[in-house]
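Chains, contacts and geometry: an overview
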Amino acid sequence: MSLPKVALVTGASRGIGHAIAIRLAEMGFQVIGTSTSSPGVEKIESALNAFPYKGQGWILDLASPASRASFKKSLEGIRSLSVLVNNAGIAKDNLLLRMKEEEWKAVIDVNLNALYYVTRACIKPMVKARSGRIVNISSVVASTGNAGQTNYVASKAGIEGFTRALAQEVAPWNITVNAVAPGMIETDMIHPLPTEYRDAFIKQRIPLKRLGKPRDIAHMVGFLCLPDSGYITGQTFHVNGGLYMG
Ligand code: NAP
């Protein structure tokens, strides 16, 4: 029996990252998912236990240099890595005039600087294997902008630029790098939005008249990781119910 291909998904304890981890496991990958907490790690492992190649949950707090260092050490222990999904993300919304430096820095660190830390650590085994798939989770707001989210939008626009630059750098090793930009997806991240705002937004702005489900995003990520998707690189794919048509 050949060894399974390994996929790493950051922020796999909940929401979109959890759905991506399950989708990749369904496709036959052995999945490592990360969470900032032990209960998150347990949740990942119990979900991945159902699959023939049992996955693992690892602790990773992208805001903590110590946590990033021990994550990097754990990575050195894995024999190969076929897929990396940079999914973990946070929002700390505020109008720029009121935005505290901590709110700016926290979002840039977890959403954008994380791509430097995690991808740099993961790329070596891919270069060695002369193959790999990297998928970065952006957002529709990287294209449209959104008042009250300068930090978040800057981080997501940065992710899309990073995607295009890295795609060019690693193409000689047959590694593809793409971004997926979700619209408004039903997860904890949008829970702070008042119900009336959400309902009006769906009615007025989303042609398909519903919020997205995490699995709608996982489906696109899974597609990019199929063996036949190897000629797609440097692109951003929008999955948003028609909210934005680029
Ligand atoms: P979510 O339900 O809030 O889940 C966020 C995930 O990120 C969790 O697994 C969380 O881990 C992890 N995370 C948070 N802070 C972290 C840190 N400091 N270090 C490492 N991991 C951390 O969010 P989601 O809606 O699924 O979002 C997933 C991605 O999609 C994000 O990049 C987000 O920007 C993007 N996105 C979401 C939407 C949407 O409408 N939901 C739209 C566009 C883009 P813990 O459980 O351990 O905290």
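Reading the values: rules and limits
- Residues numbered from 1 in each chain as written.
- Predicted model: local features only at pLDDT ≥ 70, side-chain atom pairs only at ≥ 80, totals over all residues.
- Heavy atoms only, no water.
- Core = buried A, V, L, I, M, F, W, Y, C linked by side-chain atoms within 4.5 Å.
- Buried < 20%, exposed > 50% of the residue type's maximum accessible area, 1.4 Å probe, protein only.
- Helix = DSSP H or I, 4+ residues; strand = E, 2+ residues; numbered from the N terminus.
- Contact = heavy atoms within 4.5 Å.
- Polar contact = N/O pair within 3.5 Å; in protein donor to acceptor, adjacent residues only side chain to side chain.
- Near = heavy atom within 4 Å.
- Areas by Shrake-Rupley, 256 points an atom, 1.4 Å probe, with all protein chains shown as cover.

I20, L24, V85 and V180 are the most contacted members of the largest nonpolar core, which totals 27 residues. Of all the secondary structure elements, the ones that give two or more residues to this core are β1 (6–9), α1 (15–26), α2 (38–48), β4 (83–86), β5 (132–137) and α8 (214–224). Examining the composition of this core, we find that 6 residues originate from one element, α1, more than from any other. Residues in contact with V85, not counting those within four places in the same chain, are L8, V9, T10, I20, L24, V135, I137 and V221. Of all hydrophobic cores here, the second largest spans 24 residues; its members include L8, L84, V170 and V177.

All right, on to the side chain of N178 then. Inspection of the secondary structure puts N178 in strand β6 (residues 175–182). Under the relative-accessibility criterion, N178 is labelled buried at 1%. At 2.9 Å, the side chain of N178 forms a polar contact with the backbone oxygen of I232. Leaving out residues up to four positions away in the same chain, N178 has contacts with I134, V135, N136, T163, L224, I232, T233, G234, Q235 and F237.

One can expect most non-glycine residues to show negative phi and most peptide bonds to be in trans. One non-glycine residue, N174, lies in the positive phi region at around 65°. In this fold, N174 is placed in the loop between α6 (150–170) and β6. With a phi angle near 55°, K209 is a residue other than glycine that sits in the positive phi range.

Moving on: the site of the ligand. By nearness alone, 31 residues border the ligand, and S13, S35, T36, Y152 and T187 come closest of all. Here G183 contributes a backbone N or O atom positioned 3.5 Å from an oxygen atom of the ligand. When the ligand sits alone it has 890 Å² of accessible area, and the protein chains cover 92% of it. Elements with a minimum of two residues in the shell around the ligand: α1 and α6.

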